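A closer look at the structure
So you can see what is in the structure, the chains are spelled out below.
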Amino acid sequence: MSHEKRTLEFYVLAAFFILFVLFLYGPLSAILILSFQGETGGLTFPLNGVSLHWFANLFERQAVGDFGGSFKRSLVLGLMVMIVTVVVSLLAGLAFRQKFRGATALFYLAVASLVVPSIIISLGIGVVFQQVGLRPAWYTSAFGAHLTWTLPFGVLIMFAVFNRFSPAYEEAARDLGATSWQTFAHVVLPMIAPSLIGVGLFGFTLSYDEFARTLMTSGTFNTLPLEIYGMTTNVTTPVLYALGTVTTVFSFLVILATLGAILYVGRRRART
Amino acid sequence: MTVALERPAIAAAKPARRRRVSLGAVTPYLQSAPLALILGAFLLLPIIMIAVVSFWDYDFAAMYPDFLTTNYSDVLGSWVTWKTYLNTIKFAAIVWALTLFIGFWVAYFLAFHIRTTAMQMVLFLVCTVPFLTSNIIRMISWIPVLGRNGLINSTLVQLGLVPKPIEWLLYSEFAVVLAMVHLYTLFMVTPIFNTLMRIDRSLFEAARDAGASGWQVLWNVIIPLAKPGMAIGTIFVVTLVMADFSTVQVMSGGQSASVALMMKNQMSLLQYPAAAANAVVLLVLVLLMVTGILRIVDIRKEL
């Protein structure tokens with residue numbers, strides 16, 4: 001199939017694919033352009049001049065609420081979720097390589113964590129905190145709520161990684177006299193490092209963009225997505241788009257940095 | 001004779017091995033404990049709590065432990081609830097059909113028509129990147145496109161195709177479905193792409209040699225083998241749509257309802273027991289759907 005001449009099927013599907021990509025990126029680029037809207041411009045085209053007015057507006061507290069604070073909270077929360085997700089998923093992935101009591105139950109609990117509607121988890125954690133007498137906060141209840149969303153992804157990825165991981169490498173290391181810690185640190189870890197970076201990226205971005213689970217669990221202070229969600233109902237100026245552009249550019253930078261890290265790790269492994 | 005020779009060796013190795021085995025037996029429990037603890041505290045416990053609270057009494061200020069079934073009879077006895085559930089299921093069905101169609105052909109193109117692995121990965125990343133950006137921003141980004149003075153309407157009016165802007169593009173059920181397809185198609189593309197990549201290509205040659213046409217190969221070879229991927233994608237899309245409140249709220253402009261949106265409104269009125277009863281019903285419905293789909297596919301084998 002793949003070494004024949006390009007068929008009509010190819011061109012039809014290629015056109016379909018290009019349309020799909022335009023569908024994915026078209027609206028995003030509209031926001032990107034409109035965030036440079038002139039001072040008198042509105043929420044839609046045409047552009048009334050070009051300015052950085054709306055970006056400057058972002059940093060005025062009264063215009064958009066607490067953008068700087070919510071960004072900081074989301075950033076810290078994302079990093080916390082990322083670290084815990086990587087460590088816990090890695091450990092769970094290692095555990096699932098052996099048979100143990102309750103392995104199937106735990107696996108399906110992780111899958112359940114993925115399919116249970118976010119708002120139910122949000123409501124449940126909110127009610128639990130209320131009944132126990134704890135005050136919900138972004139670094140406690142929302143932190144836990146985010147983990148129920150990022151961990152299943154991390155666990156499933158690690159599960160898939162170890163499914164394809166040949167035990168022959170570890171046997172070889174052990175035959176050469178390595179202890180089980182040495183085997184893990186010098187053989188297993190470098191081989192799965194790119195996947196771990198991927199899990200970290202998932203952990204961070206899913207948390208950074210999450211808001212359905214944060215809704216009832218963030219307490220007094222909003223995370224960035226909650227701030228944006230609030231703005232959709234009461235902000236009618238392009239400052240909304242400026243915020244969208246800033247967070248999207250930030251997400252893109254995170255993705256680029258991660259890809260760079262994966263390539264770097266892969267190349268270093270190839271050299272040694 | 002060999003048996004006699006091996007015996008002392010086994011005996012000598014035994015103490016050391018026993019130690020390792022007893023340590024090794026605990027290891028998986030220690031390794032899986034953090035995951036079990038976190039999911040227990042932030043998934044199981046809250047769900048149990050919701051089930052308990054759904055039987056409680058409440059007024060405008062607080063809730064009171066009790067064992068009432070009125071929350072359920074209120075939920076199940078109201079015509080509005082049934083209409084909302086039907087509406088949510090309708091969204092799920094439409095979005096599922098569209099994402100399955102789009103997702104399958106995108107994955108098919110990537111898997112069978114792109115010749116180099118590097119190009120496959122690049123194009124796959126192009127599809128993945130928007131998924132890693134904010135959902136709300138991606139929703140909002142439709143406003144300048146679909147709005148009354150948006151790109152589509154102003155183009156259509158300028159071309160003289162329509163006399164005045166089309167009103168149903170934004171803040172309508174159409175907008176909700178469009179935004180959901182935009183947000184969730186990747187959840188179909190990824191698992192289907194994954195299964196397609198694992199199909200043994202020699203099967204196509206075998207089918208061709210046996211006289212199958214292109215459509216027959218697609219229908220009798222590719223689609224049956226892609227079913228597990230479609231099933232996993234279906235689980236993602238269906239559960240995401242069933243749980244959605246933000247897309248429905250933002251894109252319909254308050255003109256349409258979903259179960260989760262109804263719950264959210266009850267929560268903002270502090271009617272937690274009512275929201276909890278709704279949550280239990282929604283959870284049962286979603287879990288029934290998922291177990292139904294899991295009969296088709298064993299997730300553990302597909303990873």
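In this text, all values refer to a predicted model and were calculated from it rather than measured experimentally.

From N to C terminus, chain B includes 14 helices and two strands. Taking 19 Å as the expected radius of gyration for a compact globule of 303 residues, we find that chain B reaches 27 Å, considerably beyond that expectation. Overall, the C-alpha framework of chain B stretches about 100 × 65 × 35 Å when taken along its three principal axes. Burial statistics for chain B: of 303 residues in total, 39% are counted as buried. The contacts of chain B with a sequence gap of at least 6 include a subset with a gap of at least 24, amounting to 69%.

Let's shift gears to the overall build of chain A. Scanning chain A from N- to C-terminus turns up eleven helices and zero strands. Put simply, chain A runs from its N terminus to its C terminus through helices and strands in the order α-α-α-α-α-α-α-α-α-α-α. Seen along its three principal axes, the alpha-carbon backbone of chain A occupies a region of about 75 × 70 × 35 Å. Split into buried and exposed, the 272 residues of chain A put 42% on the buried side. Contacts spanning at least 24 positions in sequence make up 78% of the contacts within chain A whose residues lie at least 6 apart.

Quick look at the environment of lysine 164 of chain B now. All names here are of chain B. Relative to the helices and strands, lysine 164 resides in the loop between α7 (151–158) and α8 (173–197). You can call lysine 164 exposed: it has 9 C-beta atoms within 10 Å. For lysine 164 and asparagine 278, which are 114 residues apart along the polypeptide, the C-alpha to C-alpha distance reads 42 Å.

As a further point, take the nonpolar core. Among soluble globular proteins, nonpolar side chains are generally buried collectively. Residues Leu123 of chain A together with Ile50 and Ala279 of chain B are the most contacted members of the largest nonpolar core, which totals 141 residues. Broken down by element, the residue count for this core peaks at 14 residues, all from α8 of chain B. Those residues within four positions of isoleucine 50 of chain B in sequence are excluded, and the remaining contacts are Ile120, Leu123, Gly124 and Val127 of chain A together with Ala276, Ala279 and Val280 of chain B.

With that settled, the discussion passes to the environment of tyrosine 11 of chain A. All names here are of chain A. Considering the arrangement of structural elements, one finds tyrosine 11 in helix α1 (residues 8–34). Assessed through the 11 C-beta atoms surrounding it within 10 Å, tyrosine 11 is described here as exposed. Tyrosine 11 sits 170 residues away from tryptophan 181 along the chain, and the two C-alpha atoms are 53 Å apart.

Listed as interface residues are 73 residues of chain B and, on the opposing side, 71 residues of chain A. A per-element tally of the side of chain B that touches chain A places helix α1 (residues 2–53) of chain B first, with 18 residues. Of the residues assigned to the side of chain B that touches chain A, the class counts are 54 nonpolar, 14 polar and five charged.

On to helix α7 (residues 141–163) of chain A. Between its first and last C-alpha, α7 of chain A extends 33 Å over 23 residues, near the 33 Å set by a 1.5 Å rise per residue. The buried count for α7 of chain A comes to 17 of 23 residues, which makes it a mostly enclosed element.

The next subject is the packing of helix α4 (residues 67–95) of chain A against α7 of chain A. Residue and element names in this part refer to chain A. Two elements in contact, α4 and α7, have axes separated by 8 Å at closest approach and are oriented at 40°. By the angle between their axes, α4 is oblique relative to α7. At the point where α4 passes α7, the crossing takes the right-handed sense. Seen from α4, the contacting residues are Leu77, Met80, Val81, Val84, Thr85, Val86, Val88, Ser89, Leu90, Ala92 and Gly93; seen from α7, they are Ala142, Phe143, His146, Leu147, Thr150, Leu151, Gly154, Val155, Met158, Phe159, Val161 and Phe162.

A word on unusual backbone geometry. Residues and elements named next belong to chain B. In the Ramachandran plot, tyrosine 171 falls in the positive-phi region, its phi being about 55° despite a non-glycine side chain. For tyrosine 171, the position within the fold is in the loop between α7 and α8. Even without glycine at this site, leucine 270 takes up a positive phi of about 60°. Looking at the secondary structure, you find leucine 270 in the loop between α12 (259–268) and α13 (272–294). Given 15 C-beta atoms within a 10 Å radius, leucine 270 is considered partly exposed.

Okay, the confidence of the model for chain B next. Residues and elements named next belong to chain B. Looking at chain B as a whole, the pLDDT averages 86, with 92% of positions reaching at least 70. Confidence, expressed as mean pLDDT per element, reaches its minimum in chain B at α1 with 72 and its maximum at helix α3 (residues 79–112) with 94. The low-confidence segment residues 1–19, where pLDDT is below 50, has zero contacts with residues more than four positions distant or belonging to other chains. Interface predicted TM-score (ipTM) for the complex: 0.87; the corresponding pTM is 0.87.

Residues and elements named next belong to chain B. Tracing the chain through its elements places alanine 257 in the loop between α11 (246–252) and α12. For the pair alanine 257 and histidine 182, spaced 75 residues apart in sequence, the C-alpha separation works out to 19 Å. Look past the residues within four positions of alanine 257 in its chain and what remains in contact with it is Thr84, Asn87, Val248 and Met262.

Calculation criteria
- Residues numbered from 1 in each chain as written.
- Chains lettered and ligands numbered in written order.
- Predicted model: local features only at pLDDT ≥ 70, side-chain atom pairs only at ≥ 80, totals over all residues.
- Helix = DSSP H or I, 4+ residues; strand = E, 2+ residues; numbered from the N terminus.
- Rg over C-alpha atoms; globule rule 2.2 N^0.38 Å.
- Buried ≥ 20, exposed ≤ 12 C-beta atoms within 10 Å, placed from the backbone.
- Contact = placed C-beta atoms within 7 Å.
- Core = buried A, V, L, I, M, F, W, Y, C linked by C-beta atoms within 7 Å.
- Nonpolar A, V, L, I, M, F, W, Y, C, P; charged D, E, K, R; others polar.
- Expected span 1.5 Å × (residues − 1).
- Axes fitted to C-alpha atoms, helices over the stretch in contact; angles between N-to-C directions.
- Parallel < 35°, antiparallel > 145°, perpendicular 65-115°, else oblique.
- Left-handed = near helix turned anticlockwise from the far one by under 90°.
- pLDDT = per-residue confidence, 0-100.

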